[in-house]
Amino acid sequence: SDAFLIVKNSLYAASVVHSSGSCCDVLVFGQEWIFRVKELRSHGWYLTLVQFGFYLIFGSIERLFRKSKRRRIPLKSYLLLAALTVSTMGLSNASLGHLNYPTQVMFKSCKLIPVMIGGMIIQGKRYGKVDVTAVLCMTVGLTLFTLADVSISPDFNGTGVFLICLALCVDAVIGNVQEKAMKAYSASNTEVVLYSYSIGFFYILCALLLNGNLLPAFSVYSETPVVAYGLAGVFSLTGYIGILFVLALVKLFGALIAATVTTCRKAVTMVLSFLFFSKPFTVQYVWSGYLVLFGIALNVYSKNRTSINAWFMKQYRLYLRHWTVQRSRVEMV
């Protein structure tokens with residue numbers, strides 16, 4: 001039907017948009033490379049400052065080529081968005097000083113949970129039984145994955161779990177606030193990125209100056225500038241491109257669909273992490289990860305139930321028609 005084709009084409013567009021961005025965003029595992037340098041692990045907030053600095057540069061360059069330079073979203077909204085962005089990225093980077101990288105990625109893959117809760121609180125959305133089941137599957141899978149990490153990983157630390165959980169809660173608020181603001185003011189992705197990260201850059205800079213960590217962190221990073229700033233630049237560029245694609249998904253399909261699609265990309269990141277960096281491994285990682293993926297699949301089904309059911313019914317009717325024709329031929333013989 002026409003409705004089925006529209007939904008199918010929309011989902012195809014979503015997958016193409018994010019798949020294109022993922023080709024660049026896959027290199028984000030360079031972040032793990034930085035945190036494998038022992039001296040850099042304790043300076044996660046300085047890394048966040050460097051990231052925001054690169055995003056500010058990239059956003060300013062892109063803004064120069066844009067025709068519309070007028071800000072649409074009110075400044076007070078950007079002050080809030082910048083604070084939320086600083087919190088989620090800073091806490092996420094800081095958690096890597098205490099967590100195994102795949103564990104951090106697994107936690108970030110389950111941000112659908114706080115996104116749904118945030119959607120209920122901020123936008124008054126309601127979710128059905130399938131969504132609740134999806135959340136339960138992701139929660140159980142994440143718990144089992146974390147328990148496996150506790151048993152075999154020397155890098156596991158409860159502080160890291162606390163930090164990444166805080167980052168996810170803030171991330172849930174960001175997605176819904178961005179969606180609401182972009183739809184209300186018809187703002188471009190470039191504008192949101194530029195203002196959020198430029199204001200956030202000065203937030204972090206002031207905080208590091210006040211707590212006295214700016215100069216020590218700068219000295220440590222200057223000892224290995226190629227590794228520290230070179231890799232930070234590479235994964236900031238790929239991360240910036242990824243952010244633009246994510247914002248496009250948020251604007252076109254909403255925060256929940258964007259979170260669902262980006263979660264699939266994290267599976268590639270985890271595989272790359274195990275391939276490129278030696279670390280303890282257990283089969284419990286695999287089946288707990290499958291449980292999380294099953295929860296994600298349920299969530300996708302819940303959001304596209306009509307089109308998916310229509311597709312299965314169409315295949316079932318085709319099968320029945322084929323079976324009836326074959327049976328008639330056999331009886332004629």
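Bear in mind the structure is a predicted one, so any value in this text is a computation, not a measurement.

Caption draft 1: Expanded view of the overall build of the protein. Scanning the protein from N- to C-terminus turns up 14 helices and zero strands. Taking all 333 residues of the protein together, the buried fraction comes to 48%. Across the protein, the fraction of contacts at a sequence separation of at least 24, relative to all contacts at a separation of at least 6, is 89%. Working note: accessible area of the protein is about 16800 Å², and carbon and sulfur atoms make up 69% of it.

Caption draft 2: Spatial organisation of a nonpolar patch on the surface. A surface patch of nonpolar side chains, about 630 Å² in accessible area, is lined by F281, V283, V286, W287, Y290 and L293. Among the secondary structure elements, Y290 is positioned in helix α13 (residues 283-303). Assessed through its relative accessible area of 56%, Y290 is described here as exposed.

Caption draft 3: Expanded view of the packing of aromatic side chains. Inspection of every chain in the model, using the stated rule, returns seven aromatic pairs. Taken together, Y46, Y221 and Y229 form an aromatic cluster joined through their ring pairs. Between R71 and the ring centre of Y195, over which it is positioned, the NZ or CZ distance is 5.9 Å.

Caption draft 4: Spatial organisation of the confidence of the model for the protein. On average, the protein scores 75 in pLDDT, and the residues at 70 or more come to 73%. For the protein, helix α1 (residues 2-25) is the element with the lowest average pLDDT, namely 45, and helix α9 (residues 189-211) is the one with the highest, namely 90. Every residue in residues 1-26 scores below 50 in pLDDT, and together they form 29 contacts with partners more than four places removed in sequence or on other chains.

Caption draft 5: Quick peek at helix α10 (residues 214-223). All of the buried residues in α10 are L214, A217, V220 and Y221. Buried residues in α10, looked at end-on, bunch into an arc of 135°, giving them a common side. In α10, the exposed positions angled more than 90 degrees off the buried face are occupied by L215 and E223.

Caption draft 6: The arrangement of the nonpolar core in detail. Ranked by internal contacts, the top residues of the largest apolar core, which has 37 residues, are Y46, L49, F52, Y55, V192, V193 and Y197. Elements with a contribution of two residues or more to this core: α3 (44-64), α4 (75-95), α8 (158-185), α9, α10 and α11 (225-253). In contact with Y197, other than residues within four places in its own chain, are F52, Y55, T85, M89 and I243. If you look at the next biggest cluster of nonpolar residues, it comprises 25 residues, including L99, Y127, F145 and V161.

Caption draft 7: Main features of the packing of α4 against α9. Two numbers describe how α4 lies on α9: the axes approach to 8 Å, and their chain directions differ by 65°. Of the possible angle classes, the one that applies to α4 and α9 is roughly perpendicular. Here α4 and α9 pass one another in a crossing that is right-handed. Contacts between α4 and α9 pair L75, Y78, L79, L81, A82, A83, T85, V86 and M89 from the former with E191, V192, Y195, S196, Y197, I199, G200, Y203 and I204 from the latter.

Caption draft 8: Region of the structure containing the side chain of T48. Tracing the backbone through its elements, the reader meets T48 in helix α3. By relative accessible area, T48 is classed as buried at 0%. Residues contacting T48, with those up to four places away along its chain left out, are M89, G90, N93 and I204.

Caption draft 9: Structural context of the environment of D131. Topologically, D131 is positioned in helix α7 (residues 129-152). It is 7.0 Å that separates the C-alpha atoms of D131 and L298, two residues lying 167 residues apart in sequence. Excluding residues within four positions of it along the chain, D131 makes contact with M116, N299, S302 and K303.

Caption draft 10: Local environment of the environment of S95. Here S95 is to be found in helix α4. Look at S95 and you get buried, because its relative accessible area is 0%. Through-space distance from the C-alpha of S95 to that of F162 is 8.1 Å; in sequence the pair is 67 residues apart. Contacts of S95, omitting those with residues within four sequence positions, involve Q104, G160, L163 and I164. At 2.6 Å, the side chain of S95 forms a polar contact with the backbone oxygen of S92.

Caption draft 11: Structural view of the packing of α4 against α8. Relative to each other, α4 and α8 sit at 150°, their axes nearing to 8 Å. By the angle between their axes, α4 is roughly antiparallel relative to α8. Crossing hand, α4 versus α8: left-handed. Taken together, the residues of α8 that come into contact with α4 (itself represented by L81, L84, T85, S87, T88, L91, S92, A94 and S95) are G160, L163, I164, L166, A167, V170, D171, V173, I174, V177 and Q178. Residue composition of the contact of α4 with α8, grouped by class: twelve nonpolar, seven polar and one charged.

Rules behind the numbers
- Residues numbered from 1 in each chain as written.
- Predicted model: local features only at pLDDT ≥ 70, side-chain atom pairs only at ≥ 80, totals over all residues.
- Heavy atoms only, no water.
- Helix = DSSP H or I, 4+ residues; strand = E, 2+ residues; numbered from the N terminus.
- Buried < 20%, exposed > 50% of the residue type's maximum accessible area, 1.4 Å probe, protein only.
- Contact = heavy atoms within 4.5 Å.
- Areas by Shrake-Rupley, 256 points an atom, 1.4 Å probe, with all protein chains shown as cover.
- Patch = residues over 30% accessible without salt bridge, like charges linked within 9 Å, V, L, I, M, F, W, Y side chains within 5 Å.
- Salt bridge = Lys/Arg side-chain N within 4 Å of Asp/Glu carboxyl O.
- Phe/Tyr/Trp six-rings, centres within 6.5 Å; stacked < 30°, edge-to-face > 60°.
- Lys NZ or Arg CZ within 6 Å of the ring centre and 35° of its normal.
- pLDDT = per-residue confidence, 0-100.
- Arc of directions from axis to C-beta.
- Core = buried A, V, L, I, M, F, W, Y, C linked by side-chain atoms within 4.5 Å.
- Axes fitted to C-alpha atoms, helices over the stretch in contact; angles between N-to-C directions.
- Parallel < 35°, antiparallel > 145°, perpendicular 65-115°, else oblique.
- Left-handed = near helix turned anticlockwise from the far one by under 90°.
- Polar contact = N/O pair within 3.5 Å; in protein donor to acceptor, adjacent residues only side chain to side chain.
- Nonpolar A, V, L, I, M, F, W, Y, C, P; charged D, E, K, R; others polar.

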